[in-house]
Amino acid sequence: MKKLSLKWKLTLLYTLFTTLLTFIILAVLLYLGSGSILASTQDQLKERVFEGFEMLDVRNGSLIIDSDFSDVESGVYLSAYDESGSLLSGRVPYGFTSSISFQENTVQTASLGGSTWYIFDASSELRDFGTIRIRGICSVSALEEELRLLIRLALILLPLIILLSAILCFSLVRRTLRPVFHITRAAREICEEKDLSRRIGLKGNRDEITILAETFDSMLEQLQEAFERQKQFTSDVSHELRTPLSVILSQCDELLGSSNLTAEEKTAVHTIQDRARNLTRLVSQLLFLSRTDQKRQTLTLESLDFTLIARSVLEELEMFAAEKKISLEEEIQDSITLLGDETLLMRLWMNLIENAIAYTQEGGRIQVGLFQKDAAITGYVKDNGIGISQEDLPKIWERFYRADSSRTDSSHSGLGLSMVRWIVEAHGGTIRAESTKGKGSLFVFTLPKENS
Ligand code: ADP
C-alpha cells in the first residue's frame, strides 16, 4: 500500500468502501426481504384455508366439496377432516403423515422428509353436519430455494458492482487529481530547465488545488526576483571592485618603479600586488559567471585554428610547469579548425592546464592532447597529480567548490571549472572528469567542429 500512488490508493479505498456499503445494504435487504416473504407466505396459507371453508356445502345432511378443493394453488395443499380427525377430502404433500396434531389458528413449522413445512389448521361448525377442520400445508423449502436463488443473484451482482465502482472511482480520482499532475509536471520542468520565469498557470474553479498552484506561482515570482537581485548584486559589486583594484595595481607598479623603497617595503608591495592580481582574476570570473546567469554572455564565433590556440596556451604556461619541474607533453594534432570564440577557448585550455599544474606535485607529468574524429574534436588534459576523491568528483563543477583548499593558494577560488563547463556547453560540447585520489586526473572535452 505504501508504494502505491495516491491515485491507486484513493481508488482502492473508495472501492473498498463501496463494496462494504453494497454488501451491508444487500445483507440487510435480504434479511428483511426473507422475513417479509415468509410472513406473506403464512398469510397466503391462512387465506387459502379460510377460502377452503367456502368450497364446502351441506346438502340433505351430506357434505359436498368443490372439486377445486384438491387443487394445489400458490403451493398450498388443503385437506378437510371431520371432528374425529378422519380425512374427508383434499390432498397432503407426498410422504406427509397426519401424525401432527391439530392446533387451531397458529402456524406450526414441521420438518418432514428433508423439507420444512408450514401447517395451519382452522375449524368451523357446518349446519346439519357438525364440526369440520381444514388443514393447509405449504413448503418452506421452496421458499428457501427462492431465497437461495436471490442470494446467488446478489453474489453475482456484487463483483459486478465492485468492478463498476472501481472503474468509476478510478476515472473520478484521475479527473480530480489531474490538476495535481499538472502542477507536478510543471514543477519538474521548472527544476530541470532551471527556468524560474515559468509559471504553473492553472486556470479553472478557485478550489484548493488552484489556490495551491497560485501560491506556488507567487512563490516562484518571489524566488525569481530574489535570484535576479542576487545576480545583479554580484554583477554590480564586481564592476565596483574593478576600478579600485586597477588603481591598487597601477600604484603598486609605480611604487615598485621608484628607487626609494627598502627591500622590506618592496616585498610588502609585491605581496599587495599579488593579492590584488588574484582579486582581479576573481572579479573577472565573477563578472563572467554573472553575465552567463543573466544570459548576457555572448559568443563571438569565428573560424579558428584550435591547434594554434592549444599550443600558444601551452607555451605560455610552460614556464610555470618548469618552475615545479613538471614535464608538459603535447599530443596535439595539426591544423584542427573549428567555429568558436577565441578568448573563451583560450580560457578553457588555460583553466584546465593551470589546474593540472597546480594540483600536480613537483616532478610530475602532464599530457595535453587534441585530435579530431569526423566532426567531433576531442581535447584532454591528463596529470599524475593529487587526484580527486570519488565523493568530490561530481561537485568540482559547482561554483566556489574546492576539494582540498589547503593544497592551493588564494588564486584558486573554485570558479574555474564552472566557467570551463559553461564554455564547452555554450560551444555545443560536453566535458567529463575522471580521477583517482593520489594517482591523477583526466579532463576530456568534446566539441563539434561546426557550432550549431
Ligand atoms: P580552483 O580555482 O580552486 O582550481 P576549479 O573550479 O578550477 O577551482 O576546480 C575546482 C576544484 O576541483 C579544485 O579546487 C580542485 O580541488 C579540483 N581540481 C580541479 N582540477 C584538478 C586536477 N587537475 N587535479 C586535482 N584536483 C583538481
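In this text, all values refer to a predicted model and were calculated from it rather than measured experimentally. (Residues numbered from 1 in each chain as written. Predicted model: local features only at pLDDT ≥ 70, side-chain atom pairs only at ≥ 80, totals over all residues. Heavy atoms only, no water.)

**A short note on the overall build of the protein**
Of regular secondary structure, the protein possesses 7 helices and 14 strands. The C-alpha atoms of the protein give a radius of gyration of 50 Å, which is well past the 22 Å a tight globule of 452 residues would have. Every one of the 452 residues in the protein was classed for burial, and the buried ones make up 36%. Long-range contacts, defined here as pairs at least 24 residues apart, represent 63% of the contacts in the protein between residues at least 6 apart. Of the side chains in the protein, 49 bear a positive and 61 a negative charge, and the two mean positions are spaced by 5 Å. (Helix = DSSP H or I, 4+ residues; strand = E, 2+ residues; numbered from the N terminus. Rg over C-alpha atoms; globule rule 2.2 N^0.38 Å. Buried < 20%, exposed > 50% of the residue type's maximum accessible area, 1.4 Å probe, protein only. Contact = heavy atoms within 4.5 Å. Lys, Arg positive; Asp, Glu negative; His and termini not counted. Charge placed at Lys NZ, Arg CZ, Asp CG, Glu CD.)

**Digging into the site of the ligand**
Around the ligand lies a shell of 19 residues, among which Asn-355, Tyr-359, Asp-383, Ala-403 and Leu-417 are the nearest. Calculation on the ligand without its partners gives an accessible area of 520 Å², and the protein chains cover 98% of this total. The set of elements that each furnish at least two residues to the shell around the ligand consists of helix H6 (342–358), helix H7 (416–426) and strand S14 (440–448). (Near = heavy atom within 4 Å. Areas by Shrake-Rupley, 256 points an atom, 1.4 Å probe, with all protein chains shown as cover.)

**Quick notes on the sheet that holds strand S6 (residues 115–126)**
Across the sheet, which stays open at both edges, the 5 strands sit in the order S4-S3-S7-S6-S5 with antiparallel pairing between neighbours. A single partner strand is all that each edge strand has here, and the edge strands are strand S4 (87–90) and strand S5 (107–112). Shown here is a sheet whose adjacent strand axes are inclined to one another by a mean of 30°, direction ignored. As defined by bridge partners, strand S3 (residues 76–82) adjoins S4 across 3 bridges and the pair is classed as antiparallel. Residue pairing across strands places Tyr-81 opposite Leu-87, the latter belonging to S4. Sheet contacts for helix H1 (residues 6–54): S3, S5, S6 and strand S7 (130–139); angle to S6, the most-contacted strand, approximately 35°. (Pairing = 2+ DSSP bridges. Axes fitted to C-alpha atoms, helices over the stretch in contact; angles between N-to-C directions.)

**Some words on the pattern of salt bridges**
Scanning all chains against the criterion turns up 12 salt bridges. The partner of Glu-354 in a salt bridge is Arg-281, and the shortest N-O contact between them spans 3.2 Å. One end of the pair, Glu-354, is in helix H6; the other, Arg-281, is in helix H4 (residues 263–293), with 73 residues separating them in the sequence. Taking the shortest distance from any N to any O, the salt bridge between Arg-365 and Glu-329 comes out at 2.8 Å. Placement of Arg-365 in strand S11 (residues 365–373) and of Glu-329 in strand S9 (residues 327–332) is noted, with a sequence separation of 36 residues between them. Relative accessible area serves as the criterion here: at 26%, Glu-329 is assigned to the partly exposed category. (Salt bridge = Lys/Arg side-chain N within 4 Å of Asp/Glu carboxyl O.)

**Structural notes on H4**
Since the α-helix packs 3.6 residues into each turn, any two residues three or four apart lie on the same face. The end-to-end C-alpha separation of H4 is 45 Å, in line with the 45 Å expected for 31 residues at 1.5 Å each. By the burial criterion, the buried members of H4 are Val-269, Gln-273, Ala-276, Asn-278, Val-283, Gln-285, Leu-286, Leu-287, Phe-288, Leu-289, Ser-290 and Thr-292. Packing partners of the buried residues in H4 comprise helix H3 (208–257), H6 and H7. One or two residues past the end of H4 sits Lys-295, with phi positive at roughly 55°. (Expected span 1.5 Å × (residues − 1).)

**Observations regarding a negative patch on the surface**
A cluster of like negative charges, contributed by Asp-66, Asp-68, Asp-71 and Glu-73, occupies part of the molecular surface. Following the sequence through the fold, Glu-73 ends up in the loop between strand S2 (62–65) and S3. On the basis of relative accessibility, which here comes to 43%, the residue Glu-73 falls in the partly exposed class. (Patch = residues over 30% accessible without salt bridge, like charges linked within 9 Å, V, L, I, M, F, W, Y side chains within 5 Å.)

**Quick notes on helix H5 (residues 306–323)**
Here H5 is 18 residues long and its end C-alpha atoms lie 27 Å apart, about the 26 Å a rise of 1.5 Å per residue gives. Bending of H5 peaks at approximately 40° at the position of Leu-317. For H5, the complete set of buried residues consists of Phe-306, Thr-307, Ile-309, Ala-310, Val-313, Leu-314, Leu-317 and Ala-321. For H5, the N-terminal capping position is held by Asp-305, with its side-chain oxygen 3.2 Å away from the main-chain nitrogen of Thr-307. Note on H5: the residue one or two positions beyond its end, Lys-325, has a positive phi of about 55°. (Bend = angle between axes of the 7 residues up to and from the residue. Polar contact = N/O pair within 3.5 Å; in protein donor to acceptor, adjacent residues only side chain to side chain.)

**So, a nonpolar patch on the surface**
The grouping of Leu-20, Phe-23, Ile-24, Val-28, Tyr-31 and Leu-32 at the surface amounts to a nonpolar patch, some 670 Å² of accessible area in total. Inspection of the secondary structure puts Val-28 in helix H1.

**Brief notes about the pairing of strand S1 (residues 56–59)**
Here S1 shows one buried face, formed by Leu-56 and Val-58, and one open face, formed by Asp-57 and Arg-59. Two strands pair when backbone bridges link them, and S1 and S2 are joined in this way by 4 bridges, in the antiparallel orientation. Within the sheet, the bridge partner assigned to Leu-56 lies in S2 and is Ile-65. Taking the residues that link successive antiparallel strands as the turn, the S1-S2 hairpin has 2 residues, and the phi of Asn-60 there is positive, at about 50°.

**What to know about the UniProt feature "transmembrane region" (unreviewed entry) in the protein**
According to UniProt, the "transmembrane region" (unreviewed entry) feature falls on residues 12–32 and 149–173. Taken end to end, residues 12–32 comprises 100% helix and 0% strand; its first and last C-alpha atoms sit 30 Å apart. In this annotation, residues 149–173 is assigned 100% helix and 0% strand; the end-to-end C-alpha distance for the span is 36 Å. (UniProt positions renumbered as here; feature names shortened; annotations may be inferred.)

**Points about the sheet that holds strand S13 (residues 430–436)**
In space, the 5 strands of this open sheet follow the order S9-S11-S12-S14-S13, with mixed pairing throughout. Whereas interior strands pair on both sides, the edge strands pair on one side only; in this sheet they are S9 and S13. Strand-to-strand, the axes of this sheet are offset by a mean angle of 10°, without reference to chain direction. Where S13 lies against S14, 7 bridges are found, and the strand directions are antiparallel. Of the residues in S14, the one forming a bridge with Thr-436 is Gly-440. The strands touched by H5 are S9, S11, strand S12 (376–383) and S14; relative to S9, the strand with the most contacts, the crossing angle is about 175°.

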